[in-house]
Amino acid sequence: MRIVLFGSRGQLGWELQRALAPLGQLTALSTDSRDWPADFRQPESLAQTVRGLRPDVVVNAAAYTAVDRAESEADLAYTINATAPGVLAREAAALGATLLHYSTDYVFDGSGDAPRGEDAPVAPINAYGRSKLAGEEAVRASGCRHLILRTSWVFAARGGNFAKTMLRLAAERDSLRVVADQIGAPTGAELLADVSAHALRTLEREPGLAGTYHVAAAGETSWHAYACRVIDGAAARGWPLKLASRDIQAIATRDYPTPAARPLNSRLDTTRFRRAFGLTLPPWQQGVDRMLAELLDD
Ligand code: NDP
């Protein structure tokens, strides 16, 4: 299997480099790759890469992920999250290749408190969510064989994320305020990359499984409870902190205004993915604790 991976230096892309390597011949590209165009700001240039490398599978881990900045850079977010994946999908369709693409629970409006299935109505409430939804739609409209995996609250030992921000702030400040009314499942890039590789293998045997799926770690939490787990884990390891989890104040989203509105309910129902691919999605705490061990243990 020949695989081309775009966005290989992000949280997920880094883990995909590891997880996809045993599947075949992997070419991992990032924005500044010299041999092949891989900058999503120039969507049409990506066609040259796909046509030149002629992969069996195109994996897109690149994305514009700065949710707040996307409000003032909506055109750029759209180019990277929608136009560029559309070009990859078109080229994959022309080659007969499979496209593995990632999306987000932010395609939903976050109302209610039930986990959403894949067919729930989409209604993004911020520019990032709209750009990601347009990317999904471009992939589906292309006619290429695809897997679109919608996930939530991605973290990894490598790269930037909420848990690492909490660790940094807890070393600098003696109190923190964190929102407690947004609910979701922190999902490790490691887990996401591993189940992606398994799903690609299964799809090779059963092409009828192509489609859109929800993939997130099991369980649910709030950003506040997630922050407390990270800080408790760091404290247990003797990490130097200026605060304990009891110093983290639970606040409401309305008391923490941000440029982009955030969905309150990020719960994703992953039943369809687990059944189709025969995989287990472990509890979110397992991945977070592993990340802490990786970051903080000797
Ligand atoms: P990161 O922000 O960690 O990584 C994004 C990647 O996109 C980086 O490799 C970056 O490259 C690349 N990228 C950004 N701009 C460009 C560009 N112009 N051209 C080429 N590459 C570019 O994201 P994650 O790994 O966390 O996200 C992976 C996927 O999961 C994305 O589709 C995202 O939308 C989705 N997702 C993420 C969530 C999260 O909480 N992070 C939640 C839900 C879904 P470089 O390093 O070279 O800048």
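Above this text you will find the structure in question.
Residues numbered from 1 in each chain as written. Predicted model: local features only at pLDDT ≥ 70, side-chain atom pairs only at ≥ 80, totals over all residues. Heavy atoms only, no water.

Enquirer: Looking at this model, I keep getting lost on the overall build of the protein chain. Mind explaining?
Expert: A tally of helices and strands in the protein chain yields nine helices and twelve strands. For the protein chain, the C-alpha radius of gyration of 19 Å lies close to 19 Å, the compact-globule estimate for 298 residues. Projected onto its principal axes, the C-alpha coordinates of the protein chain cover approximately 55 × 40 × 40 Å. Residues counted as buried form 52% of the 298 residues belonging to the protein chain. Considering only contacts within the protein chain whose residues lie at least 6 apart along the sequence, 78% involve residues at least 24 apart. Element-wise, carbon and sulfur atoms account for 47% of the exposed surface of the protein chain, whose accessible area totals about 13100 Å². Of the side-chain charges in the protein chain, 33 are positive and 34 negative, and the distance between the mean point of each set is 2 Å. (Helix = DSSP H or I, 4+ residues; strand = E, 2+ residues; numbered from the N terminus. Rg over C-alpha atoms; globule rule 2.2 N^0.38 Å. Buried < 20%, exposed > 50% of the residue type's maximum accessible area, 1.4 Å probe, protein only. Contact = heavy atoms within 4.5 Å. Areas by Shrake-Rupley, 256 points an atom, 1.4 Å probe, with all protein chains shown as cover. Lys, Arg positive; Asp, Glu negative; His and termini not counted. Charge placed at Lys NZ, Arg CZ, Asp CG, Glu CD.)

Enquirer: Just checking my understanding: could you explain the site of the ligand for this structure?
Expert: In the region of the ligand, 24 residues are neighbours, and Arg9, Thr31, Thr65, Tyr128 and Lys132 sit closest. Here an oxygen atom of the ligand sits 2.9 Å away from a polar atom, N or O, in the main chain of Leu12. Summarising the interface, the protein chains cover 82% of the accessible area of the ligand, which totals 900 Å² for the free molecule. Only α1 (11–20), β4 (98–104) and α4 (127–142) provide two or more residues apiece to the shell around the ligand. By residue number, the principal contributor to the shell around the ligand is β4, which donates three residues. Counted by class, the shell around the ligand contains eleven nonpolar, nine polar and four charged residues. (Near = heavy atom within 4 Å. Polar contact = N/O pair within 3.5 Å; in protein donor to acceptor, adjacent residues only side chain to side chain. Nonpolar A, V, L, I, M, F, W, Y, C, P; charged D, E, K, R; others polar.)

Enquirer: Sorry if this is basic, but what is going on with the packing of α1 against helix α6 (residues 189–205) here?
Expert: Relative orientation and spacing of two packed helices are given, respectively, by the angle between their axes and the distance between those axes. Across the interface, α1 lies against α6 with an axial gap of 8 Å and an inter-helix angle of 45°. With respect to α6, the axis of α1 lies oblique. Relative to α6, α1 is oriented so that their crossing is right-handed. On α6, the residues touching Gln11, Leu12, Glu15, Leu16, Arg18, Ala19 and Leu20 of α1 are Ala189, Glu190, Leu192, Ala193, Asp194, Ser196, Ala197 and Leu200. Counted by class, the contact of α1 with α6 contains nine nonpolar, two polar and four charged residues. (Axes fitted to C-alpha atoms, helices over the stretch in contact; angles between N-to-C directions. Parallel < 35°, antiparallel > 145°, perpendicular 65-115°, else oblique. Left-handed = near helix turned anticlockwise from the far one by under 90°.)

Enquirer: What am I meant to see in the sheet that holds strand β1 (residues 2–6) here?
Expert: Strand pairing within a sheet occurs via backbone hydrogen bonds; the two strands may be parallel or antiparallel. With parallel pairing, six strands are arranged side by side in an open sheet as β2-β1-β3-β4-β5-β10. If you trace the sheet from one side to the other, it starts and ends with β2 (25–29) and β10 (211–214), each paired once. Geometrically, the sheet is characterised by an average inter-axis angle of 20° between neighbouring strands, direction not taken into account. As judged from the seven bridges shared by β4 and strand β5 (residues 145–151), these two strands associate in the parallel manner. In the sheet register, Thr98 faces β5, and the bridge partner there is Arg145. Most of the contacts of helix α3 (residues 74–95) go to β4, to which it runs at about 155°, and overall it touches β1, β3 (57–60) and β4. (Pairing = 2+ DSSP bridges.)

Enquirer: I tried to follow α4 on my own but got confused; where do I start?
Expert: The periodicity of an α-helix, 3.6 residues per turn, causes residues three or four places apart in sequence to face the same way. Taking 1.5 Å of rise per residue, 16 residues should cover 22 Å, and α4 covers 23 Å from first to last C-alpha, within 8% of that figure. Here α4 has its buried residues at Ala127, Tyr128, Gly129, Ser131, Lys132, Leu133, Ala134, Gly135, Glu136 and Val139. Close packing links the buried residues of α4 with α3, β4 and β5. Just downstream of α4, Gly143 is the residue with a positive phi angle, here 85°. (Expected span 1.5 Å × (residues − 1).)

Enquirer: Help me understand the packing of aromatic side chains in this model?
Expert: Two numbers describe a pair of aromatic rings. These are the distance of the centres and the angle of the planes. A complete count under the given rule lists ten aromatic pairs for this structure. Aromatic side chains Tyr106 and Tyr128 sit 5.9 Å apart centroid to centroid with 85° between the ring planes, which places their arrangement in the edge-to-face category. Here Tyr106 is found in the loop between β4 and α4, whereas its partner Tyr128 is found in helix α4, with 22 residues between them in sequence. Tyr106 sits in the buried class, given a relative accessible area of 9%. A residue is classified by how much of its surface remains accessible, and Tyr128, at 10% relative accessible area, is buried. Both rings, one in Phe162 and one in Tyr226, keep their centres 5.0 Å apart while their planes meet at 40°; by these two values the pair is tilted. Residue Phe162 is located in helix α5 (residues 162–172), and its partner Tyr226 is located in helix α7 (residues 223–236); the two are separated by 64 residues in the primary sequence. A cation over an aromatic ring shows up here: Arg158 above the ring of Trp14, its NZ or CZ 3.7 Å from the ring centre. (Phe/Tyr/Trp six-rings, centres within 6.5 Å; stacked < 30°, edge-to-face > 60°. Lys NZ or Arg CZ within 6 Å of the ring centre and 35° of its normal.)

Enquirer: Got a minute to help me understand the pairing of β5 in this structure?
Expert: Here is the key point about a regular strand: its side chains alternate between the two faces of the sheet. The element β5 is largely enclosed, with a buried count of six among its seven residues. On the question of chirality, the crossover connecting β4 to the parallel β5 by way of α4 is right-handed. When β5 meets β10, the two strands line up parallel, connected through four bridges. The partner of Ile148 across the bridge, within β10, is Thr212. (Right-handed = clockwise from strand over helix to strand, strands pointing away.)

Enquirer: Which parts of the structure should I look at to understand the layout of surface pockets?
Expert: Over the atoms a probe the size of a water molecule is rolled, and this reveals where empty space is left. By volume, the second largest pocket is sized at about 240 Å³. For the second largest pocket, the lining is made up of 19 residues, of which Gly188, Glu190, Leu191, Gly287 and Arg290 are closest to its centre. Elements with a contribution of two residues or more to the lining of the second largest pocket: α6 and α9 (284–296). Element by element, the count of residues in the lining of the second largest pocket is highest for α9, at six residues. (1 Å grid on protein atoms, 1.4 Å probe; cavity = no way out; pocket = protein on both sides within 12 Å on 5 of 7 lines; lining within 4 Å. Points joined across faces, edges and corners; volume = space filled by probe spheres on them.)

All quantities given are derived from atomic positions and should not be read as evidence of function.
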